[in-house]
Amino acid sequence: MPVTDRARELALTAAQAAADKKAQDIVVIDVAEQLYITDAFVIASASNERQVAAVVDAVEEALLNLPEKAKPVRREGERQGRWVLLDYVDIVVHIQHTEEREFYALDKLWKDCPTVPFVDRDMVEADSPGAA
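Just so it is clear, the structure is predicted and the values come from calculations on it, not from any experiment.

**Q** Explanation requested: helix α2 (residues 49–64) in the structure shown.
**A** Since the α-helix turns once every 3.6 residues, residues separated by three or four places project in the same direction. The terminal C-alpha atoms of α2 lie 23 Å apart, and with 16 residues this matches the ideal 22 Å at 1.5 Å per residue to within 8%. Listed in full, the buried residues belonging to α2 are Q51, V52, V55, V56, A58, V59, E60, A62 and L63. Two or three places before R50, at the opening of α2, N48 has a side-chain oxygen 3.1 Å from that residue's backbone nitrogen.

**Q** Explanation requested: the pattern of salt bridges in the structure shown.
**A** Side chains that carry opposite charge are capable of pairing whenever their charged atoms lie near each other. For the structure shown, the criterion picks out ten salt bridges. With a shortest N-O distance of 2.8 Å, R121 and D20 are connected by a salt bridge. Taken together, the residues R121 in helix α5 (residues 121–127) and D20 in helix α1 (residues 5–20) connect sequence positions 101 residues apart. Between E76 and R74 there is a salt bridge; the shortest N-O distance is 2.9 Å. Taken together, the shared-partner salt bridges connect E49, R82, E99 and E100 into one network.

**Q** It is not clear to me how the pairing of strand β4 (residues 83–87) should be interpreted in this structure. Could you clarify?
**A** Where a strand is regular, its side chains alternate between the two sheet faces. Taking burial as the measure, the five residues of β4 include four buried ones, the bulk of the element. Looking at chain direction, strand β3 (residues 74–76) and β4 are connected through three bridges and run antiparallel. The partner of E76 across the bridge, within β4, is L85. Taking the residues between adjacent antiparallel strands as the criterion, β3 and β4 are bridged by six residues, where G77 takes a positive phi near 90 degrees. Pairing of β4 with strand β5 (residues 91–97) involves five bridges; the strand directions are antiparallel. Each residue of the ladder has a partner; that of W83, found in β5, is Q96. In textbook terms, the turn of a hairpin is the stretch between consecutive antiparallel strands, and for β4 and β5 this stretch comprises three residues, one of which, V89, has a positive phi near 70 degrees.

**Q** Even after reading the chapter, I still don't get the sheet that holds β3, so can you show me in this structure?
**A** The strands making up a sheet are joined through hydrogen bonds of the backbone, oriented either antiparallel or parallel. Here five strands make up an open sheet; going across it, the order is β1-β2-β5-β4-β3 and the pairing mixed. The sheet is open, and its two edges are formed by β1 (24–30) and β3, each paired on a single side. Across this sheet, the average inter-strand angle for adjacent strands is 10 degrees, counted without regard to direction. Across five bridges, β1 lies against strand β2 (residues 40–46) in antiparallel orientation. Paired with D30 across the two strands is A40, which belongs to β2. Its contacts with the sheet put α2 on β1, β2, β3, β4 and β5, and the angle it makes with β5 is roughly 160 degrees.

**Q** Explanation requested: the packing of α1 against α2 in the structure shown.
**A** The axes of two packed helices give the description: the angle between them and the distance between them. Where α1 contacts α2, the two axes come as close as 8 Å, and the packing angle between them is 140 degrees. Considering their axes alone, α1 and α2 lie oblique with respect to each other. For the element pair α1 and α2, the recorded crossing hand is right-handed. Facing L10, T13, A14, A17 and A18 of α1, the residues of α2 in contact are V55, A58, V59, A62 and L63. When grouped by side-chain class, the residues that make up the contact of α1 with α2 number nine nonpolar, one polar and no charged.

Reading the values: rules and limits
Counting restarts for each chain, with residues numbered from 1 along the sequence as it is written. In keeping with the model being predicted, local features are shown solely for residues with a pLDDT of at least 70 and side-chain atom pairs are shown and tallied solely at 80 or more, while totals for entire chains, interfaces and linings include all residues. The side-chain numbers reported here are obtained from all heavy atoms of the structure, hydrogens and water having been left aside. Secondary structure elements are taken from DSSP: a helix is a run of H or I of four residues or more, a strand is a run of E of two residues or more, and numbering for both begins at the N terminus. One fewer than the residue count of a helix, multiplied by 1.5 Å, yields its expected span. Burial classification: accessible surface area is computed with a 1.4 Å probe over protein chains only, and a residue below 20% of its type maximum counts as buried, one above 50% as exposed, and the rest as partly exposed. We define a polar contact as two N or O atoms separated by no more than 3.5 Å, with the added condition that, inside protein, one atom must be a possible hydrogen donor and the other a possible acceptor, whereas residues neighbouring each other in sequence contribute only through side-chain atom pairs. In what follows, salt bridge is the name for a side-chain nitrogen of Lys or Arg lying within 4 Å of a carboxyl oxygen of Asp or Glu. Only strands that DSSP links by at least two bridges are regarded as paired with each other. Each axis is a line fitted through C-alpha atoms, and for a helix only the stretch in contact is used; angles between axes span 0 to 180 degrees, taken between their N-to-C directions. It only takes one pair of heavy atoms within 4.5 Å for two residues to be counted as in contact. Roughly parallel means an angle under 35 degrees; roughly antiparallel, over 145; roughly perpendicular, 65 to 115; everything else is oblique. Crossing handedness is read from the near helix: turned anticlockwise from the far helix by less than a right angle, it gives a left-handed crossing, and turned clockwise, a right-handed one. Under this grouping Gly is polar, as are all residues other than the nonpolar Ala, Val, Leu, Ile, Met, Phe, Trp, Tyr, Cys and Pro and the charged Asp, Glu, Lys and Arg.

That is the geometry; function is a separate question.
Here you go:
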């Protein structure tokens, strides 16, 4: 069974929040067929610990502002600020320092799973006719 509508909403909201804080290489992976504990992973990179923290804050705020609020049931890695995991049950958000992203290569580990298309709305606006 593919990712649920609720998980898709959470994942795309989290991905956009990360993009708004200039996270790079944002990907949403549908792991629903492979894992029973969650439907999707959101993975994003940040260039330093401060940006990791800013992205985490933005994701948490965006998901709390949804009509059906979402709060993480578990949070790991905040103290080090190199790889923060936010577990929302339906989705798991991984915000990784660029070096951790390259080393652990979660994208490659889950390469057999389909991705959920995500396009940063700022990129869509920049590509639209009449955009400066």
